[in-house]
Each structure stands twice: as structure tokens, then as C-alpha cells.
Amino acid sequence: MLDIKLIRENPEKINELLKRRNPELSIDKVLEIDADRRKIQAEADELRSKRKNESQKIGMMKKNGENTDAIQEEVRALGDEIKALEEKQVELDNAQKDLLLHIPNIPDETTPIGKSEDDNPTVSTWGEPTKFDFEFKPHWDLCEEKNLVDFERGVKLSQSRFTLYRGKGAKLERAIIQFFLDLHTEKHGYEEILPPFMANAATMTGTGQLPKFKEDMYKCVDEDLYLIPTAEVPVTNIYAGEILSEDDLPKYMTAYTPCFRREAGSAGKDTRGLIRVHQFNKVEMVKLTTPESSPEEHEKLTQDAEQCLKMLGLPFRRVALCTADIGFSANKCYDLEVWLPSYNNYKEISSCSNYGDYQARRANIRYRNKEGKLQFVHTINGSGLAVGRTFAAIVENFQQADGTILIPEVLQKYMGTDRI
RNA sequence: GGAAAAGUGGCCGAGUCGGCUGAAGGCGGCACCCUGCUAAGGUGUUAUGUGGAGUAAUCUGCAUCAUGGGUUCGAAUCCCAUCUUUUCCGCCA
């Protein structure tokens, strides 16, 4: 959430930045409520102060054996007034908080301005789109033929868009997870985390999934728990409500988790194969940093994600998301897109975002700097990588004329073979 | 799932017939002082949020003793609910 003080002091600037995302956005309503809120608080504070003093006086008088009936009645009336004001104050506090929770982060100055995803500039490309001298197959056909994924029975077990990996397919999925985790922990310096796959409402609010994106998540019926849509949620919130020391920063954490998404509103999109399903595996990287180092750490994290693709030998490009396309909580974001022959196009496989202090303010993650002052950390995260989409990209890009699929060298030690 | 006990500041730990306690004391941290014998001693300082005044240093109101309600002129202190922790019992991979 945005800092109310920042909003108060730079309303034009904040509005201008928000309108880069969407011309409809504005903080004017927040400012209105804020003014009322402060006025009420001042009044209530004054009455509370008065009550405190009077009550102490009553204590003294009682000790001296004086009659306090009159003054007690007076203070009781004061109490009623305070109560009325407090109710008003709570109402305004909640209204303001609710508004703030629904306002997205302001884009970074370096985030390209645009009106839709068509305005996302490509920053760089690596490798060339794969060429075949035979008729290649999309991964959904290959997976079925080779019995790597049993799409039909997956649906039978749960619902459409749920997948059942089996045999070499299940093993390849596991190998990819292992490779990513080993790479990030051994070469990139991340701590491996295995978090709960369900999180409560407070945790979901910390990273920005709630309250605005409730319908995107699966919720438990009898508990205040949601299935996580990404490891970002539990991992970023590990230090929620805590105060870190500057020496603790930056924190590098990586986690494999399944991710659960209802994909409400994407009916008809990517209906075949592994690209868009309700439960998929992902290895996520999360960083907590100081404000000074976050731009650099964001670049480094993006490179860590790119390293996964390079080592697998998958062609990809990096695009910078424009102001209309970056996520709700992010101020800057790069997407990595892998070449997918069946789409004859690049497809998102990682999203690396810098959130500034937006999530930290929601989750209340602070650190004490060298001068002893408390500050919010900056949070950064990115996929390293989406495992199901990596699986699909490997199957499609490395398929051979004889129907086999070459296993990238870095995965061979996990697979125990160089082709399947 | 049942029973019992407990939840105070960075940490430990006082605070039970409600009143000057935002909270004793200790540890740790920070600053200064003293001192030459491998470290100790002395003094001071050391929570967060939110509002007001001031260019600022800073000053100041209010709130906060797990969370949310309630009782009361007044609550860390009493009552209720929730959450968490510990122990015992039951169940279980």
C-alpha cells in the first residue's frame, strides 16, 4: 500500500504516476477521508486527554474521602462523547485503509509508459526460435503419445485444467524442480525454503492478493486459509511484522511450491496442454533488500532467472512490462518469455518484479538502518522458473524426428538419461 | 478432540482486593567519563504507531502490556470471545 504521508505531501505527483497505469485511478478520495479522519482524531484525543486528567482527580478525591458523584457523572458524559467520536474514527480509519489496499503501486520512473501489453518493449533476446526439418508436434500431443502426462485422467480426478504427470513425465517435472533449486542455492546464494501451501488472510493481504483478487484464489470452506497462488506469498511474509537489522539484508530465498489459481476469466485461453492449469509447480526467488540496493538486486534476480533458461538451452527474450501491464503491487517488472513452437511465439515463463516498499508496508516488514532508524524493506521476486511451462518448452523445442525428446545436459544427472 | 496453565518493551522478568505504570529491576545496545594491566567501573540514554507545532534539531497530545469486545469516572490489572504457546489425555502419518 502507498504511504499516506507521501500521498498527502505529493498528491499531484502520485496521481500523475497512477494515471500512467490507468487514467481512472486517483487518490483524491483518500485525501478527502484523510482530512476528516485527522480532524476527528484531534477532537477525540483532546477529549481523551481531558477524561484521563479528570479520572485521576477522582482517584485523588476518593483517597481524601471526598464525594465524587457529581464529577463522576460529568466524566461519564464525556465518555459517551468519546465513544461516539471513536466509532466515527474507526469508520474513517477502515474506509481509508480499504481504499489504500485497493490502490496499486505507483510505477517506477523507468517503467515504460504504455496502454496495453502491446506496448511492452523487448529488452533483449537470447538464442533463435527453434527450426525443425520435420513436422513438429505441440507438447500436448507429444506428452500424451509418450504417456508423460495423462490429461484425461487428470480431469477425471479433479476438473478441467488439472494435470496428471506420470512415468518419465513425472520424473522430468521433478528433475526440473531439482535443477532450479540446486542452481539457486548453490550458485546464486539463495536459502531454500519449503513453506506451507496454504496461507491465512493476513498473509494474503501482505503481498497484495487480498482484498482485491479474492476470486482468483481457492479458499478453504471451514478455515481462514487460501491455497497459495505462488510461493511469493508465504516466503515474502516470513518476516511480516518483524524488524530486521541492516546486516540481515539482503535476504535471498528460493522455494519450490505448487501454485493454485482459479484462472477465473481465462476461459478459452491456452486451453490445451500445460500452459494454463489450476495447479502448477514453480520455483520462486524472493529477495528482501534495502531501498538503495533494490534496483540492482532486481536486475540480478532477473539474470538469475535468465540463467535457468540459458543453461537449459531454451531460446527466450526479456520484455519490460509497461505501466498498463505491470502487476498490481509492482513498480517495475520484466517478463521472460520462452520460445514455444506450438504457439509460434514467445510465452511468459517468468515474471520478475520489484515492489519497492509497497508489500513491506502492507506486511509491515521493516529493518533498522545503520543510523538506528526504522525503514520498510524493499521486496523483489521472480519465477526461477515456472516448471510446467519449462517442461512444455523442453518437450517442444528438443523433440526429434524419431519421436524422442533430448534432455538438456544439466538435467541428465537428475534424469539418468539423455533422451526420453 | 478433551483438561489445565500461560501470553508484558530487543531479550529476561516485576506488576493480583483496578487509580500518577508506557510500564520497576536485570541483560543486551548506544553515548560520554574514568582507568594502563588484558577487562572492569561510573553516568546518561535506549519501544512503536498516529495527530499537532517548527525550515530543522526538537517539543507536544493520544493510543498500544497476544487480538477483539465488555464492565468502570478510570484496566496491563476484572469479565467474555478468539488466536497462540506449554503440559497431560485421546487419536494419528
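Please read these numbers as outputs of a predicted model, since none were measured by experiment.

Visitor: Explain the packing of helix α7 (residues 168-187) against helix α12 (residues 387-397) to me, and be specific about the residues and the numbers.
Guide: Relative to each other, α7 and α12 sit at 115°, their axes nearing to 10 Å. The chirality of how α7 crosses α12 is right-handed. Residues G169, L172, E173, I176, I177 and F180 of α7 pack against V387, G388, T390, F391 and I394 of α12. Class assignment for the residues of the contact of α7 with α12 results in 7 nonpolar, 3 polar and 1 charged.

Visitor: Break down the side chain of N354 for me, citing the residues and quoting the values.
Guide: In this structure, N354 sits in strand β10 (residues 345-354). A polar contact is formed between the side chain of N354 and the side chain of S294, at a distance of 3.2 Å. What N354 contacts, discounting residues up to four positions off in sequence, is S294, P295, H298, A330, N331, K332, T379 and I380.

Visitor: Kindly report on the pattern of salt bridges, identifying the contributing residues and their values.
Guide: Under the definition given, this model contains 26 salt bridges. With a shortest N-O distance of 2.6 Å, R48 and E86 are connected by a salt bridge. Here R48 is found in helix α3 (residues 28-63), whereas its partner E86 is found in helix α4 (residues 69-101), with 38 residues between them in sequence. Accessibility expressed as a relative area gives 24% for R48, which makes it partly exposed. Taking the shortest distance from any N to any O, the salt bridge between E306 and R318 comes out at 2.9 Å. Placement of the pair is E306 in helix α10 (residues 294-312) and R318 in strand β8 (residues 316-320), with a sequence separation of 12 residues. Residue classification places E306 among the buried residues on the basis of a relative accessible area of 7%. When salt bridges with common partners are traced through the structure, they connect R8, D34, R37, R38 and D93 into a single cluster.

Visitor: So what's going on with α7? Residues and values would help.
Guide: Given a rise of 1.5 Å per residue, 20 residues ought to cover 28 Å, and the 27 Å separating the end C-alpha atoms of α7 matches this to within 8%. The set of residues buried in α7 consists of G169, L172, E173, A175, I176, I177, F179, F180, L181, D182, L183 and H184. Once α7 ends, the next one or two residues include G189, with phi positive near 85°.

Visitor: Describe the domain arrangement of chain A, naming the residues involved and giving the relevant values.
Guide: One frequently used descriptor of interface size is the decrease in accessible area upon assembly of the parts. Each assigned domain of chain A is listed with its residue range as follows: domain 1 (28-102) and domain 2 (117-415). Between the C-alpha centres of domain 1 and domain 2 there is a distance of 49 Å.

Visitor: Give me the lowdown on the sheet that holds strand β12 (residues 374-376), citing residues and values where you can.
Guide: Spatially, β5-β11-β12 is the arrangement adopted by the 3 strands of the open sheet, whose pairing is mixed. Across the chains shown, the open sheet's two edge strands, defined by having one partner strand only, are β5 (243-245) and β12. Within this sheet the neighbouring strands show an average axis-to-axis angle of 40°, counted without direction. Pairing geometry for strand β11 (residues 366-368) and β12, over 3 bridges, is antiparallel. Its bridge partner lying in β12, Y367 is registered against Q375.

Visitor: Can you explain the pairing of strand β9 (residues 332-340)? Please cite residues and give values.
Guide: Taking burial as the measure, the 9 residues of β9 include 9 buried ones, the bulk of the element. In this structure, β8 lies alongside β9, joined through 5 bridges in antiparallel fashion. Its bridge partner being in β9, V319 is matched across the sheet by D335. Examined bridge by bridge, β9 and β10 share 9 bridges and lie antiparallel to one another. Looking at β10, one finds that L340 is bridged to N345. If you look at the hairpin formed by β9 and β10, you'll find 4 residues sitting between the two strands, and N344 has a positive phi there, around 50°.

Visitor: Help me get a handle on the pairing of strand β6 (residues 251-260), residues and values and all.
Guide: Of all 10 residues in β6, 9 are buried; the element is thus mostly enclosed. Pairing of strand β2 (residues 191-193) with β6 involves 3 bridges; the strand directions are parallel. Within the sheet, the bridge partner assigned to I193 lies in β6 and is A255. As defined by bridge partners, β6 adjoins strand β7 (residues 279-289) across 10 bridges and the pair is classed as antiparallel. Looking across to β7, one finds that P258 is bridged to N281.

Calculation criteria
Residues numbered from 1 in each chain as written. Chains lettered and ligands numbered in written order. Predicted model: local features only at pLDDT ≥ 70, side-chain atom pairs only at ≥ 80, totals over all residues. Heavy atoms only, no water. Axes fitted to C-alpha atoms, helices over the stretch in contact; angles between N-to-C directions. Helix = DSSP H or I, 4+ residues; strand = E, 2+ residues; numbered from the N terminus. Left-handed = near helix turned anticlockwise from the far one by under 90°. Contact = heavy atoms within 4.5 Å. Nonpolar A, V, L, I, M, F, W, Y, C, P; charged D, E, K, R; others polar. Polar contact = N/O pair within 3.5 Å; in protein donor to acceptor, adjacent residues only side chain to side chain. Salt bridge = Lys/Arg side-chain N within 4 Å of Asp/Glu carboxyl O. Buried < 20%, exposed > 50% of the residue type's maximum accessible area, 1.4 Å probe, protein only. Expected span 1.5 Å × (residues − 1). Domains from an automatic or database assignment. Pairing = 2+ DSSP bridges.

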